[in-house]
Amino acid sequence: MPFLGQDWRSPGWSWIKTEDGWKRCESWSQELEKESNQCNINHGIILNSEDEEILNNEEHASKKRKKRHCRDDTNTQCFYREKWIYVHKESTRERHGYCTLGEAFNRLDFSSAIQDVRRFNYVVRLLQLIAKSQLTSLSGVAQKNYFNILDKIVQKVLHDQQNPRLIKGLLQDLSSTLCVLVRGVGKSVLVGNINVWVCRLETVLAWQQQLQNLQMPQVGHGLTLSDLPLHTLNNILYRLSDGWDIITLGQVTPTLSMLSEDRQLWKTLCQYHFAEKQFCRHLILSENGHVEWKLMYFALQKHYPTKEQYGDTLHFCRHCSILFWKDCGLALLFKDSGHPCTATDPDSCFLPVSPQHFIDLFRF
């Protein structure tokens, strides 16, 4: 039975008792790419002249730190793979301390969630929001866990060749944040040595290059989209909630290109994401006096947030103050609520948690 120790620095390591004493468990996380396989990126692209001079003076020490960073990341594990955690924001007689964003990120099972097609987009969006504003608020352990999960996501996309545009947006936001932190902020805010963050930035840039070179293989002989009837293709387009997905699908065949330009399709998409008052403020008319719904969609997207759709999300129980993954299959078969709920009617206490709401839960 593994022993989970706890201290003030991190949730703790996993230990197993052996004949020679207590030993730490081996990591189960996937290794990051070896340093020799990473793209050789000049520090001058990342840092200004003063930072480059500092790195040149400490080149030998920097290489050692980078090697140690890569080694530490491969030995770092997600300490918990829990389906639920208690969210406490203040100390009580029963519980001391409070739950932070980093602790929640460490303990909840995000590593398995990315393997679920229903939860994949949800986890990616959460990582993107953390990269934009919350990266420096994570503890050192949570930051390592963040990049380990991100590595799994990138490797999954490269292997499955699905959702590359989604991951490109995440890596673009992350690289922009890391550039600002490494150049302007430095060690006054960052946890760890500055060279560790430079190594992380180089890893992100290498991932971006791999995704840029990703080529989709040609499908073998068999049924294709061109063989489907028009009404089926039209129904597929109407079920897409992202305008860029419609444009991308329209580039596959001439028939899909024609269907993707349907004014009614873009009107339905605008009405789904935006309110009627917002239409009036950004009305775009053609020379014939018709509303250009396609242009209006992208114009409105710049000013207002679009609705987010996820196959599955985290849930929050208002009665128990517990954040948990809800397994729909177990809920139907065994009436399992996903956590030890004490409410009379558990389903009435559950709230779906959006990625932004997840971050807001831990703002004190």
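See the structure shown above.
Rules used throughout
- Residues numbered from 1 in each chain as written.
- Predicted model: local features only at pLDDT ≥ 70, side-chain atom pairs only at ≥ 80, totals over all residues.
- Heavy atoms only, no water.
- Phe/Tyr/Trp six-rings, centres within 6.5 Å; stacked < 30°, edge-to-face > 60°.
- Helix = DSSP H or I, 4+ residues; strand = E, 2+ residues; numbered from the N terminus.
- Buried < 20%, exposed > 50% of the residue type's maximum accessible area, 1.4 Å probe, protein only.
- Pairing = 2+ DSSP bridges.
- Axes fitted to C-alpha atoms, helices over the stretch in contact; angles between N-to-C directions.
- Contact = heavy atoms within 4.5 Å.

A. Focus on the packing of aromatic side chains. One pass over the full model with this rule turns up 15 aromatic pairs. Centre to centre, the rings of Tyr122 and Tyr310 are 5.5 Å apart; their planes meet at 90°, and the pair counts as edge-to-face. Of the two residues, Tyr122 sits in helix H6 (residues 120–134) while Tyr310 sits in the loop between helix H15 (293–303) and strand E5 (314–317), which places them 188 residues apart along the sequence. Judged by its relative accessible area of 0%, Tyr122 falls in the buried class. With centroids separated by 5.9 Å and ring planes inclined at 75°, the aromatic side chains of Tyr122 and Trp325 adopt a geometry described as edge-to-face. Of this pair, Tyr122 sits in helix H6 while Trp325 sits in strand E6 (residues 322–325), placing them 203 residues apart in sequence.

B. Highlighting the sheet that holds strand E4 (residues 84–86). With antiparallel pairing, 4 strands are arranged side by side in an open sheet as E4-E6-E5-E7. Two strands bound the open sheet, and with one partner strand each, they are E4 and strand E7 (350–353). Here the strands of the sheet are splayed against their neighbours by 25° on average, with no regard to which way each runs. Pairing analysis gives 4 bridges linking E5 to E6, with the strands arranged antiparallel.

C. The arrangement of the environment of Val191 in detail. By the secondary structure assignment, Val191 is in the loop between helix H8 (164–185) and helix H9 (194–212). Considering only alpha carbons, one finds Val191 and Gln143, 48 residues apart in sequence, at a separation of 8.8 Å. In contact with Val191, other than residues within four places in its own chain, are Leu138, Gly140, Gln143 and Trp197.

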